[in-house]
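Architecture at a glance
Each chain, written out:
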Amino acid sequence: MPPSSDATASTPPPAGSGSVLASVVALAEHDGSAWSDLRIAPSDALGLTAASHVLHYGSACFEGLKAHRQPDGAVRPFRSAKHAVRMAASAEQLMLPAPPEALFNDAIDLMVAEVGPELTPEPPGSLYLRPTLIGNENDVLAAGRPSSTAQFFVVAAGMGNYFADRPLTLLVETDVPRTVTRFGRVKCGANYVMALGLIDQARRDHGADQVLFAPGGIIEETGASNFMVVAGGKVITPPLGEAFLHGVTRDSLLHLAPDLGLAVEERHLTVDELVELAQAPDTEVLLTGTAAVVAPVGTLLHDGERVEVKGSIEAPLGKRLKTALTDIQTGDAPRPADW
Ligand SMILES: *Cc1c(COP(=O)(O)O)cnc(C)c1O
């Protein structure tokens, strides 16, 4: 047993339950010139003060990835390197020092070694990992400049099967954007809190689960998931750009789609075209992201109309795409070379 394992939760969560949060993090600190070594630290001992830059000026970004129990019992993270690259891009926009790829991957591996054996349930459960980067300089007057110091830490939680038990309902928003263009592909809490009011209103006023942001009628993504349509033997999804978050799940599914006989079309998709495509009985509308992997969308609320997506009720292709990906994650199918 590692020395600090008594600081972690002791019972793995059964599949289907909520999450069990590890009480420790893997932590490294940047003093303005270099990163410290990694260490395991209690998650309530980060040493933040009320004057921390992050608490006032939002200098924070994060990642979300999973590690899965393999057939031999080992716990293996999925595409950690891809998340390291994305965090580095977020860090650059927030003027925070990016953890080098090796430090990022080492922190994931350290956290998985520390809490993975205890906290990771059998598939379809997994260990959810939340690498986080914050500016922690103590100076409330640092409004006009970056934090001179930073902390990078990895939070972990064992989680059960995270899936929606029914197709989702989306409110289509064509006026208000999710965030500003320059921050569309930055994974930062500020983007979430900016969209929160609209999403909450869509829930309360329309019974929607999420908002599909489509400024000017061009589809981007929802508050926390990428968007794709499966229709006529094709996966159609908006092309990468500055507008939305470049999901690792999106990337993985597009890589696997041809194996299922699906062509991939990365192109702009309008709300009008979506409404038209949704009429075909075999069209599936899907959201993608690390937590749920693939979630079918059964209803679009647009311009006061309810558009039912009949193909999403069973979503056979969505299920096949999801299984193709989760089989790789759990070691039941071979990984593509650079994953
Ligand atoms: C994290 C996130 C996604 C999904 O990205 P994955 O890498 O697939 O988990 C999509 N949209 C937003 C806004 C996100 O923050």
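Structural data are supplied above this passage.
Because the structure is predicted, anything quoted here is derived from the model rather than measured.

Side note on the site of the ligand
What surrounds the ligand is a group of 15 residues, the closest being Lys-187, Tyr-192, Glu-221, Thr-249 and Thr-290. The contact in question runs from an oxygen atom of the ligand to an N or O atom on the side chain of Lys-187, over 2.7 Å. The contact in question runs from an oxygen atom of the ligand to an N or O atom on the backbone of Val-248, over 2.8 Å. Within the complex, the protein chains bury 96% of what would otherwise be the 380 Å² of accessible surface of the ligand. When its residues are assigned to classes, the shell around the ligand shows four nonpolar, seven polar and four charged.

Some details on the packing of aromatic side chains
Following the criterion strictly, the structure yields four aromatic pairs and no others. Centre to centre, the rings of Trp-35 and Phe-152 are 6.4 Å apart; their planes meet at 75 degrees, and the pair counts as edge-to-face. Taken together, the residues Trp-35 in the loop between strand 2 (24-30) and strand 3 (39-42) and Phe-152 in strand 8 (residues 150-159) connect sequence positions 117 residues apart. A centroid spacing of 5.7 Å and a plane angle of 90 degrees characterise the contact between Phe-78 and Trp-339, whose relative ring orientation is edge-to-face. Separated by 261 residues along the polypeptide, Phe-78 in the loop between strand 6 (75-77) and helix 2 (80-93) and Trp-339 in the segment after helix 8 (316-329) bring together distant segments of the chain. By relative accessible area, Phe-78 is classed as buried at 6%.

Some details on unusual backbone geometry
In this chain, Pro-123 is followed by Pro-124 through a cis amide linkage whose omega measures 10 degrees. One can find Pro-124 in the loop between helix 3 (101-119) and strand 7 (126-135). Of note in this structure, Arg-79 is not a glycine but carries a positive phi near 55 degrees. The phi angle at Met-95 is positive, at roughly 55 degrees, despite the residue not being glycine. Of note, Met-95 is situated in the loop between helix 2 and helix 3.

With respect to the pairing of strand 7
In terms of residue burial, strand 7 counts as a mostly covered element, since nine of its ten residues are buried. Note that strand 4 (residues 60-62) and strand 7 share three bridges and pair antiparallel. Bridge pairing in strand 7 links Ala-60 to Ile-134. Here strand 5 (residues 65-69) runs beside strand 7; their pairing, made up of three bridges, is antiparallel.

Rules and cut-offs
- Per chain, residue numbering runs from 1 following the sequence as it is written.
- With pLDDT at 70 or above as the cut-off, local features in this predicted model cover only qualifying residues; side-chain atom pairs require 80 or more to be listed or tallied, and sums for whole chains, interfaces and linings still use all residues.
- Calculation of side-chain values draws on the structure's entire complement of heavy atoms; hydrogens and water are dropped beforehand.
- Only heavy atoms are used to decide nearness, and a residue is near a molecule or strand if one of them lies within 4 Å of it.
- Two N or O atoms form a polar contact when they lie within 3.5 Å of each other; inside protein one atom must be a possible hydrogen donor and the other a possible acceptor, and for residues adjacent in sequence the pair counts only when both atoms belong to side chains.
- The protein chains shown are the only cover counted for residues, whose accessible areas, like all others here, come from Shrake-Rupley with a 1.4 Å probe.
- Only Asp, Glu, Lys and Arg are considered charged in this grouping, and only Ala, Val, Leu, Ile, Met, Phe, Trp, Tyr, Cys and Pro are considered nonpolar; every other residue, Gly among them, is considered polar.
- Here a Phe, Tyr or Trp ring, Trp counted by its six-membered ring, pairs with any other such ring whose centre lies within 6.5 Å, and the pair is stacked when the planes are under 30 degrees apart, edge-to-face when over 60, and tilted otherwise.
- Segments assigned H or I by DSSP are reported as helices when at least four residues long, segments assigned E as strands when at least two residues long, and all are numbered from the N terminus.
- Residue burial is assigned from relative accessible area. The probe radius is 1.4 Å, only protein chains are included, and a residue is buried under 20% of its type maximum, exposed over 50%, and partly exposed in between.
- DSSP calls a pair of strands paired once it identifies at least 2 bridges connecting them.

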